[in-house]
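# Inside the fold
Residue-level listing of the chains:
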Amino acid sequence: MAAIAQSIALLLFLSLAYLSHGGITSRFMRKLEASVDMPAEAFPPPSGHNAPEQVHITQGDRNGRGVIISWVTPLSPKPNVVRYWAADSDEDHDHTVRSRITTYKYYNYTSGFIHHATISDLEYDTKYFYEIGSGDAKRRFFFTTPPMVGPDVPYTFGIIGDLGQTYDSNQTFEHYYSNSKGQAVLFVGDLSYADNHPFHDNRKWDTWGRFVEKSTAYQPWIWTAGNHEMDFAPELGENTPFKPFTHRYHVPYKSAQSSSPLWYSIKRASAYIIVLSSYSAYGTYTPQYQWLKNEFTKVKREETPWLIVMLHSPWYNSYDYHYMEGESMRVMFEPWFVENKVDLVLSGHVHAYERSERVSNVRYNITNRLSTPIRDINAPMYVTIGDGGNIEGLANQFTEPQPNYSAFREASFGHALLEIKNRTHAYYTWHRNHDNEPVAADSLWIYNRYWYPEDESSQ
Ligand SMILES: *[C@@H]1O[C@H](CO)[C@@H](O)[C@H](O)[C@H]1NC(C)=O
Ligand SMILES: *[C@@H]1O[C@H](CO)[C@@H](O)[C@H](O)[C@H]1NC(C)=O
Ligand SMILES: *[C@@H]1O[C@H](CO)[C@@H](O)[C@H](O)[C@H]1NC(C)=O
Ligand SMILES: *[C@@H]1O[C@H](CO)[C@@H](O)[C@H](O)[C@H]1NC(C)=O
Ligand SMILES: *[C@@H]1O[C@H](CO)[C@@H](O)[C@H](O)[C@H]1NC(C)=O
Ligand SMILES: [Fe+2]
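Residues numbered from 1 in each chain as written. Chains lettered and ligands numbered in written order. Predicted model: local features only at pLDDT ≥ 70, side-chain atom pairs only at ≥ 80, totals over all residues. Heavy atoms only, no water.

Operational definition: UniProt positions are given in the numbering used here, feature names are shortened, and annotations may be inferred rather than shown by experiment.
The name an unreviewed UniProt entry gives the chain is Purple acid phosphatase, with Cucumis melo var. makuwa as the organism. In the Sequence similarities (unreviewed entry) part of its UniProt record, the chain is described as follows: "Belongs to the metallophosphoesterase superfamily. Purple acid phosphatase family." Per its UniProt entry, the chain bears the Catalytic activity (unreviewed entry) comment "a phosphate monoester + H2O = an alcohol + phosphate".

## Regarding the overall build of the chain
Threshold: Comment: elements are numbered from the N terminus, with helices defined as DSSP H or I runs of at least four residues and strands as E runs of at least two. The atom set for the radius of gyration is the C-alpha atoms, and the globule formula is 2.2 Å times the number of residues raised to the power 0.38. Relative accessibility decides the category of a residue: with a 1.4 Å probe and only protein chains considered, values under 20% of the type maximum give buried, values over 50% give exposed, and everything between is partly exposed. Should any heavy atoms of two residues lie within 4.5 Å, those residues are counted as being in contact. All accessibility values rest on the Shrake-Rupley procedure with a 1.4 Å probe; residue burial counts only the protein chains present in the view. Only four residue types enter the charge count: Lys and Arg as positive, Asp and Glu as negative, with His and the chain ends excluded. Charge positions are represented by NZ for Lys, CZ for Arg, CG for Asp and CD for Glu.
Of the regular secondary structure elements, the chain holds 7 helices and 27 strands. For 459 residues, the compact-globule formula gives about 23 Å, and the C-alpha radius of gyration of the chain, at 21 Å, lands near that figure. Over its C-alpha atoms, taken along the principal directions, the chain stretches across nearly 65 × 50 × 45 Å. Counting only residues that meet the buried cut, the chain has 59% of its 459 residues in that class. Sequence-distant contacts, at least 24 apart, represent 69% of the contacts inside the chain between residues at least 6 apart. Entry remark: accessible area of the chain is about 18,000 Å², with carbon and sulfur atoms responsible for 52%. The centroid of the 40 positive side-chain charges in the chain is displaced by 3 Å from the centroid of its 51 negative side-chain charges.

## Some words on the site of ligand 3
We count it as follows: Residues are classed as near a molecule or strand on a simple rule: at least one heavy atom within 4 Å of it. In the analysis that follows, any N or O atom pair within 3.5 Å is treated as a polar contact, provided that within protein one partner can donate a hydrogen and the other can accept it, and provided that, for residues neighboring in sequence, both atoms belong to side chains.
Lining the immediate surroundings of ligand 3 are Asn-365, Thr-367 and Asn-368. Between ligand 3 and Asn-365 there is a distance of 2.4 Å, counted from an oxygen atom to a side-chain nitrogen or oxygen. Between ligand 3 and Asn-368, the relevant distance is 3.0 Å, taken from an oxygen atom to a side-chain nitrogen or oxygen of the residue. Coverage of ligand 3 by the protein amounts to 27% of the 360 Å² it exposes when considered alone.

## Quick look at the packing of helix H6 (residues 287–298) against helix H7 (residues 327–339)
How two helices sit against one another is set out by the angle between their axes and by the gap between those axes. Put simply, the test is: Axis definition: a line fitted to C-alpha atoms, limited for helices to the stretch in contact. Angles are taken between N-to-C directions and run from 0 to 180 degrees. The labels follow the angle: roughly parallel below 35 degrees, roughly antiparallel above 145, roughly perpendicular from 65 to 115, and oblique for the rest. Take the far helix as your reference; a near helix turned counterclockwise from it by less than a right angle gives a left-handed crossing, and one turned clockwise gives a right-handed crossing. Under the convention adopted here, Pro, Cys and the residues Ala, Val, Leu, Ile, Met, Phe, Trp and Tyr are nonpolar, Asp, Glu, Lys and Arg are charged, and Gly plus all remaining residues are polar.
Packing of H6 against H7 leaves a shortest axis separation of 11 Å and a crossing angle of 15 degrees. One finds that H6 runs roughly parallel with respect to H7. Two packed elements cross with a definite hand, and for H6 against H7 that hand is right-handed. Residues Gln-288, Tyr-289, Leu-292, Lys-293 and Phe-296 of H6 form the contact with H7, whose participating residues are Met-329, Met-332, Phe-333, Trp-336 and Phe-337. In terms of residue class, the contact of H6 with H7 is made up of 8 nonpolar, 1 polar and 1 charged.

## Brief notes about the layout of surface pockets
Formally: The rule is simple: put a 1 Å grid over the protein atoms alone, call a set of points where a 1.4 Å probe fits but cannot get out a cavity, call an open set with protein on both sides within 12 Å along at least five of seven lines a pocket, and count a residue as lining if it has an atom within 4 Å of a point. Grid points are joined across faces, edges and corners, and a volume is the space filled by probe spheres set on the points.
Space inside the largest pocket adds up to approximately 520 Å³. Looking at the largest pocket, it is lined by 19 residues, and the ones nearest its centre are Arg-100, His-250, Val-251, Tyr-253 and Lys-254. Breaking the lining of the largest pocket down by element, the ones donating at least two residues are strand E6 (95–98), strand E7 (100–102) and strand E10 (113–119). By residue class, the composition of the lining of the largest pocket is 9 nonpolar, 7 polar and 3 charged. Every residue lining the second largest pocket is counted, 18 residues in all, and those nearest its centre are Ser-180, Gly-182, Gln-183, Tyr-218 and Gln-219. When residues of the lining of the second largest pocket are traced back to their parent elements, those giving at least two are strand E12 (139–144), helix H2 (167–177) and helix H4 (213–216). Here the lining of the second largest pocket takes 3 residues from E12, the largest share from any one element. Per-class residue counts for the lining of the second largest pocket are 9 nonpolar, 8 polar and 1 charged.

## A closer look at the UniProt feature "domain: Purple acid phosphatase N-terminal" (unreviewed entry) in the chain
In the UniProt entry, the feature "domain: Purple acid phosphatase N-terminal" (unreviewed entry) is given for residues 52–145. Along residues 52–145 the backbone is 0% helical and 53% strand, and the end-to-end C-alpha distance reaches 22 Å.

## Structural notes on H6
A turn of α-helix holds 3.6 residues, and therefore any two residues three or four places apart point the same way. How we decide: An expected span of 1.5 Å times one less than the residue number is assigned to each helix. By arc we mean the arc of the directions from the helix axis to the C-beta atoms, nothing more.
Over its 12 residues, H6 runs 17 Å from end to end, which matches the ideal 16 Å to within 8%, given 1.5 Å per residue. Residues Gln-288, Tyr-289, Trp-291, Leu-292, Glu-295 and Phe-296 constitute the buried set of H6. End-on, the buried residues of H6 take up no more than an arc of 165 degrees, which puts them together on one face. Residues of H6 that are exposed and point more than 90 degrees away from the buried face comprise Pro-287 and Thr-297.

## Brief notes about the coordination of the iron ion (ligand 6)
The condition that has to hold: Metal sites are built from N, O and S donor atoms within 2.8 Å, or 3.2 Å for Na, K and Ca, and they leave out water, so they may look incomplete. A four-donor site is called tetrahedral if each angle lies between 85 and 135 degrees; a four-donor site is square planar, and a six-donor site octahedral, when trans pairs exceed 155 degrees and the remaining angles lie between 65 and 115; all other cases are labelled irregular.
Coordination of the iron ion (ligand 6) by the protein involves Asp-190 (OD), Asn-227 (OD1), His-312 (NE2) and His-349 (ND1), with metal-donor separations of 2.1 to 2.2 Å. Each of the 4 donor atoms around the iron ion (ligand 6) contributes to a set of angles spanning 87 to 174 degrees, which defines the coordination as irregular. Look at where the donors of the iron ion (ligand 6) fall in the sequence and you get D-x36-N-x84-H-x36-H. Pair noted here: Asp-190 is in the loop between strand E14 (184–187) and helix H3 (203–211) and Asn-227 is in the loop between strand E15 (221–223) and helix H5 (243–248), with a separation of 37 residues, a long-range link. Residue classification places Asp-190 among the buried positions, given a relative accessible area of 0%.

## Side note on the environment of Trp-291
Tracing the backbone through its elements, the reader meets Trp-291 in helix H6. C-alpha of Trp-291 to C-alpha of Ser-260: the two residues are 31 residues apart in sequence and 10.0 Å apart in space. When sequence neighbours within four positions are dropped, the list of residues in contact with Trp-291 reads Ala-256, Gln-257, Ser-258, Trp-263, Tyr-264, Ser-265, Ile-274, Val-275 and Leu-276.

## Notes on the sheet that holds strand E3 (residues 53–59)
Heads up, the rule is: Here, strands pair whenever DSSP counts at least two bridges between them.
Taken together, 4 strands build an open sheet; the order of strands is E3-E4-E10-E7 and the sheet is antiparallel. Either end of the sheet is taken by a strand with one partner, and the two such strands are E3 and E7. This sheet shows a mean twist of 20 degrees between the axes of neighbouring strands, independent of strand direction. As judged from the 3 bridges shared by E7 and E10, these two strands associate in the antiparallel manner. By the bridge assignment for E10, Ile-101 is matched with His-115.

## Focus on the packing of aromatic side chains
The description of an aromatic ring pair uses the distance of the two centres, along with the angle that the planes make with each other. Worth spelling out the cut-off: Two rings belonging to Phe, Tyr or Trp (six-membered ring only in the last case) form a pair when the distance between their centres is within 6.5 Å. Interplanar angles under 30 degrees mark stacking, angles over 60 mark edge-to-face geometry, and anything in between is tilted. Definition used: whenever NZ (Lys) or CZ (Arg) falls within 6 Å of the ring centre and also within 35 degrees of the ring normal, the charge is taken to sit over that ring.
Applying the stated criterion across every chain yields a total of 41 aromatic pairs. Ring plane angle 70 degrees and centroid distance 6.4 Å describe the contact between Trp-208 and Tyr-249, whose orientation is recorded as edge-to-face. Of the two residues, Trp-208 sits in helix H3 while Tyr-249 sits in the loop between H5 and strand E16 (264–268), which places them 41 residues apart along the sequence. Accessibility classification places Trp-208 together with Tyr-249 in one group, the buried group. By way of ring pairs, the aromatic residues Phe-43, Phe-173, Tyr-177, Phe-187, Trp-205, Trp-208, Phe-211, Trp-221, Trp-223, Phe-245 and Tyr-249 are connected into one cluster. In this arrangement the basic side chain of Arg-65 is found over the ring face of Tyr-124, its NZ or CZ atom lying 5.8 Å from the centre. When the ring centre of Phe-142 is taken as reference, the NZ or CZ atom of Lys-127 above it lies at 4.2 Å.

Right, dumping it as structure tokens:
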């Protein structure tokens, strides 16, 4: 199998970017191979009896002083305790917290014991060790809490979407992992792609959890639900959407006064992050609509200058894939995004990369597919980054000519980094898997819409 990975040779001719009607369509070409999942044996369970596995952490409260630690024990529910202590204090000054345990069945699959333990009231900007399991199965990890929420706090987010568990996924993941800058990951949905296998083989959820553990156990991944999280399969008697996902991945939605884990918000450093669900009702009067309407009133740009929204299905997308799928949600919510000067909207779903100009009010001719967006200084920049490298392969057909809302697009796998410097400036880079990590195939300074609403495209 490793030979396959190596044979995913990249056929490159120079990134002969050329200008069309709109922005840049990068002509960087990669040879297409069938996307193949890595074998389960590549990610064996850790050694030791009933050893905790699939360890992952996420923010556990509103402001970043809480962490949810999650893991799976395959054979029995105990031990169900996390021991943790500040790295600069004595290990004897430890604390313990008990997990809440859940299990679920999916068709003929029965999950292990899924643990979620919430630690709260940690110090800001502090490294902690934590330990789970016992005896020969004891495992130790660490994380660093974010700095106190404030307007000029620098912070760097990784951005990854539609990851899956193929050899391409491994490249994306390892590429992000090799860069020490990322402090937390904004994950825009579609995790394991278990549902692409017969009977939604939920063992793929387990292998995915083990695959990403070396990052997710050490830094929070902020989760968004995508279509591959739905696992809605009436033909298998599985009628509860999002069942595996919501059992396995907990998020702090209650502290955001949300009624569902599928939409919520957090504050982290200088960012206010709103997560929406493209696959839950959002029409007028729905819970998500009412929550979001109220949510914007809570954002104080004096406190958190950077307003970032994550949602799976993109609103501005010039690929032939999932064309206009995000349109009804755009029509519902775009006015709020513009009025509230959202800085950045991150999406996945389309398995390629695209970055927009600041535009709003796109109008489509649905017969000829031409569109006319309006340049809008108050509008978000839209990034589509569903290019994690999953089993469904690359989206490599563009709509032509390139619409003028599209600033840059390229059909390659990769990930991005958002380096927030202060209340006005953030440096954004996109890294294609083919290059070494320090190389940025697309990069720009992003200016904050509230504090410094200059036009980036004129730079
Ligand atoms: C579920 O059933 C399918 C079809 O019979 C089988 O291939 C698969 O191995 C079973 N999975 C489990 C977890 O038993
Ligand atoms: C994933 O990538 C890493 C780093 O390149 C490599 O060491 C590892 O063997 C890869 N895993 C698989 C299953 O190919
Ligand atoms: C939409 O496109 C069709 C087909 O090209 C064209 O006939 C029609 O006039 C266009 N409509 C508008 C409002 O531009
Ligand atoms: C795209 O073209 C339309 C129509 O010519 C124009 O109104 C709009 O401002 C342009 N948008 C951008 C981002 O250049
Ligand atoms: C914010 O960061 C940018 C980029 O590093 C820098 O040029 C600018 O001077 C900073 N602004 C302030 C007020 O420090
Ligand atoms: Fe998707």
